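Here are the chains, one letter per residue:
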4 protein chains.
Amino acid sequence: MPIPPQEQERPGESTSPPPGRLKIMDALRALLREKEFSAITWSDIARTAGVNEALIYKYFKDSRNLLHEVLKESLSRFVRRLNRDLKGVQGARNKLRKLIWSTIDMYDSERVFAKILFLEVRNFPGYFRSETYRIVQEYAGMILGIIDEGIRKGELRRDIPPKLLRQVVLGAMEHAVLPGIIFDKPLRPDQTTEALCRIIFEDILARPSNRQQGH
Amino acid sequence: MPIPPQEQERPGESTSPPPGRLKIMDALRALLREKEFSAITWSDIARTAGVNEALIYKYFKDSRNLLHEVLKESLSRFVRRLNRDLKGVQGARNKLRKLIWSTIDMYDSERVFAKILFLEVRNFPGYFRSETYRIVQEYAGMILGIIDEGIRKGELRRDIPPKLLRQVVLGAMEHAVLPGIIFDKPLRPDQTTEALCRIIFEDILARPSNRQQGH
Amino acid sequence: MPIPPQEQERPGESTSPPPGRLKIMDALRALLREKEFSAITWSDIARTAGVNEALIYKYFKDSRNLLHEVLKESLSRFVRRLNRDLKGVQGARNKLRKLIWSTIDMYDSERVFAKILFLEVRNFPGYFRSETYRIVQEYAGMILGIIDEGIRKGELRRDIPPKLLRQVVLGAMEHAVLPGIIFDKPLRPDQTTEALCRIIFEDILARPSNRQQGH
Amino acid sequence: MPIPPQEQERPGESTSPPPGRLKIMDALRALLREKEFSAITWSDIARTAGVNEALIYKYFKDSRNLLHEVLKESLSRFVRRLNRDLKGVQGARNKLRKLIWSTIDMYDSERVFAKILFLEVRNFPGYFRSETYRIVQEYAGMILGIIDEGIRKGELRRDIPPKLLRQVVLGAMEHAVLPGIIFDKPLRPDQTTEALCRIIFEDILARPSNRQQGH
DNA sequence: CATGAATGAGCATTCATTCAT
DNA sequence: TATGAATGAATGCTCATTCAT
């Protein structure tokens, strides 16, 4: 099956992104693997990308902007995939479990990205007005949607504030993987998801009714 | 038994910290209320404290060190108070509830401190080898201790990994208060603690067995 | 044979050094005439050169580096010329005399350079691993080569350690010109060379065999 | 023979030097063994001496002054001893040989002092008006005196400029020991003196008249 | 005689940024 | 589209120095 030639020059939206731009974004991605963002300078990026410093200005107005551009790409790709992952899953509980698994799995495969998300980006001035934050909100909105639906359908308890539950899910996932991300150990999405769901969904107190025959 | 008078003014070891040192620490605390740490310069601090820039260097070897010194003070004061708060409380569940309440209450009253803890300090190079981190670990150790004890005494389920549960508690608290901290809204420790405990301790799924008569 | 025109403007490898670099090196040379190196600051150099301070850093990684660059230039030019001067001279004695004369003559015409060589550069940390020192060694090697050859050919005494003789030649030249260099008086290469050779080559003790009819 | 008690408090010239002053000078001496003078700061000295920085000001007006004070002590002690060493020695040649030996021997035993003399002190602004330089001149004057006397008495050749010969002696000694001083190797005063005298006093050219059967 | 506290001034260094080509 | 040259502006930091005690 022949490759369609229109790949070369798509008319409207993106007429083949200039090579310099790509090289710059790749350079930042590579550097983020080595050091923290605030320690990365324009000349670092330029040197790594093999382009002139001045060229970065052509494409990105400042370094934050560049970082957000890089993050946006990873983030929206993830959200798109997550949406597809959730297709066909039934019930709030199952959906949340799937979402947790997908998220941890993504953190596991894109560690650099996770680290920046947890440690760097949040304290940028203006982050909460950024495009990146918008996508994060979209993601958080998905969680909230599932919870709301679960409550509406009687699957989840009414006496739990949905937004707080969402925050717990977010915080639980984040802190569940944080040590692994920081000290560079594998994340084990399956087990972590399983245990996380047990804590959040079920009763953690030992009761006769609980099936707690050891782990 | 009368308190010996020499307790008042001990000659040798701790002859009242120099006023400049205090002014500098206070200045940093004040500035942190206005802007993020990385945007605070030596001259900012010196100007706010009303001392010479070089004096900062006399007492603190670099700006990280100064921040850690400030954090350490708040942190250890909190851990001390928390220890006292937990005295006399019986059972893992009650202890954890108390700990959650105390923590959120502290976040509420020391918002600057909370913000730095969540957003700034974690991505300092060398944070994980710092004195500050040591105290954070001590705090995390308290949680783990309660959980372990709960499991041992049969109060908590055996099939939940203690460390993960601790991470969930930490993450849940953090993300429960994060929006309030960032957008400067009151934290409502009572309600938040109540809901958090419900999510973590109880079954969030709607069941006949659950007392879920709406809220 | 006509000189090829492309020699004038070579496209690739050495496309005429940037004007700023030249201005900076000239500025340092000028300043060294006025004050000692350690008293020269970046802003001195920048002001004298008429460029921005940051530009110095672009071309030279630190001030030592800049000085060495300047020295290296003078030094290697001298060593090249010295090599040419010695061409065709026969015999160790004649060669050493020529070398002494050339050296003193160079000291005389490049006094700034001489002063730095005698007074400054030697106590730089890392001088003995520098490029400058390497050229100085090359020069010292030339002296040693002449001496060794002289001994081998029976022209010089066997019972004199060659390296020590070289050191004496170096020290004698240096201290012979030092007062003139420091107090800014002419060096008189001809007479100095003559007297130096008499002291080193001949017997300084008054004997019947010496032709010592007064000076 | 009992120690006379007046050693304790001599009335006029020096009523027991204050302990702080001694500690400071010792501290500088110790530091000079580790690093070069220009890298030594007041606080270095104060810390090493175990005194307050402000105290140094009581005794020395600046760091140069302090260094010169230290040097002066070593230097004048040396000149005094040298004077005694030369007592009873007859003839210019013998006196010069003795002076060379004493000098190299001193360099050998006081290496720190030698290093500073060769590498540091000479390029201090104002060195040539310093007390230290005065003593150096006194020393140089001794050499010149011996030479002049040698010429006057017909022991040395008339056609050699005395001052230049003195410079050669100074330069020869300095460069003879310089490598050893810098790279920290033993100086071997006996052999070095012997060879130095051979080079300076005798004919270095191989002749039938020369006794050059040794190695 | 000795010290702790505090200061003024300056320095090397680095960074983001902007031209002209 | 891409670059080499050059700049303005800070910043952290260090040092010698001076009080009051």
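Residues numbered from 1 in each chain as written. Chains lettered and ligands numbered in written order. Predicted model: local features only at pLDDT ≥ 70, side-chain atom pairs only at ≥ 80, totals over all residues.

Colleague: What exactly am I supposed to notice about the overall build of chain A here?
Modeller: Helix and strand counts for chain A stand at nine helices and zero strands. Buried positions account for 29% of the 215 residues belonging to chain A. (Helix = DSSP H or I, 4+ residues; strand = E, 2+ residues; numbered from the N terminus. Buried ≥ 20, exposed ≤ 12 C-beta atoms within 10 Å, placed from the backbone.)

Colleague: Help me understand the protein's contact with DNA strand E, please; the structure alone is not making it clear to me.
Modeller: In the vicinity of DNA strand E, 33 residues are found, and the nearest of them are G20 and A54 of chain B, T41 and A54 of chain C together with G20 of chain D. Secondary-structure elements contributing two or more residues to the surface near DNA strand E are α2 (42-49) and α3 (53-59) of chain A, α1 (19-34) and α3 (53-59) of chain B, α2 (42-49) and α3 (53-59) of chain C together with α1 (19-34) and α3 (53-59) of chain D. In terms of residue count, α3 of chain B provides more of the surface near DNA strand E than any other element does, four residues in total. (Near = placed C-beta within 6 Å.)

Colleague: Would you explain the confidence of the model for chain A in this entry?
Modeller: Do not read the fine detail of predicted coordinates wherever pLDDT is low. Residues and elements named next belong to chain A. The predicted model of chain A has a mean per-residue pLDDT of 88, with 88% of residues at 70 or higher. Throughout residues 1-13 the model reports pLDDT below 50, and contacts reaching past four residues in sequence, or to other chains, amount to three contacts. Taken together, the stretch residues 210-215 has pLDDT below 50 and engages in 10 contacts with residues farther than four places along the chain or on a different chain. (pLDDT = per-residue confidence, 0-100. Contact = placed C-beta atoms within 7 Å.)

Colleague: Help me understand the relation of the copies chain B and chain A in this model?
Modeller: It takes a turn of 180° to lay chain B on chain A, together with a shift of 0.1 Å along the axis; the resulting RMSD is 0.2 Å. Such a combination of rotation and displacement between the chain copies is what one expects of a two-fold axis. Interface residue correspondence from chain B to chain A reaches 98%, placing this contact among same-surface, isologous pairings. (Least-squares fit on C-alpha atoms with pLDDT ≥ 70 in both.)

Colleague: Help me understand the packing of helix α5 (residues 92-109) of chain A against helix α7 (residues 131-152) of chain A, please; the structure alone is not making it clear to me.
Modeller: Angle between the axes and distance between the axes are the two parameters that describe a pair of packed helices. Residues and elements named next belong to chain A. One way to put it is that α5 packs onto α7 with a least axis distance of 9 Å and a crossing angle of 160°. Relative to α7, the element α5 lies roughly antiparallel. At the point where α5 passes α7, the crossing takes the left-handed sense. Touching A92, K95, L96 and L99 of α5 are I143, I146, I147, E149 and G150, all from α7. For the contact of α5 with α7, the class distribution of residues is six nonpolar, one polar and two charged. (Axes fitted to C-alpha atoms, helices over the stretch in contact; angles between N-to-C directions. Parallel < 35°, antiparallel > 145°, perpendicular 65-115°, else oblique. Left-handed = near helix turned anticlockwise from the far one by under 90°. Nonpolar A, V, L, I, M, F, W, Y, C, P; charged D, E, K, R; others polar.)

Colleague: In this structure, what is going on with the relation of the copies chain D and chain C? I would like to understand it.
Modeller: Here two copies of a chain appear, and what relates them is a rotation about an axis with a shift along it. At an RMSD of 0.2 Å, chain D and chain C line up after a rotation of 180° and a shift of 0.1 Å along the axis. Mapped onto chain C, 98% of the interface residues of chain D are again interface residues, and the two copies thus contact each other with one and the same surface.

Colleague: Sorry, what's going on with the protein's contact with DNA strand F here?
Modeller: In the vicinity of DNA strand F lie 34 residues, with G20 and A54 of chain A, A54 of chain B together with G20 and A54 of chain C positioned nearest. Listed by contribution, the elements that provide at least two residues to the surface near DNA strand F are α1 (19-34) and α3 of chain A, α2 (42-49) and α3 of chain B, α1 (19-34) and α3 of chain C together with α2 (42-49) and α3 of chain D. For the surface near DNA strand F, the per-class residue count stands at 16 nonpolar, 10 polar and eight charged.

Colleague: When you look at the interface of chain B and chain A in this model, what are you seeing that I'm missing?
Modeller: Where the parts come together, the accessible area they lose is often given as the size of the interface. Chain B puts 43 residues into the contact, and the matching count from chain A is 43 residues. Those elements that provide at least two residues to the side of chain B that touches chain A are α6 (111-120), α8 (162-182) and α9 (189-201) of chain B. Broken down by element, the side of chain B that touches chain A gets its largest block of residues, 11 residues, from α8 of chain B. Within the side of chain B that touches chain A, the residues separate by chemical class into 20 nonpolar, 11 polar and 12 charged.

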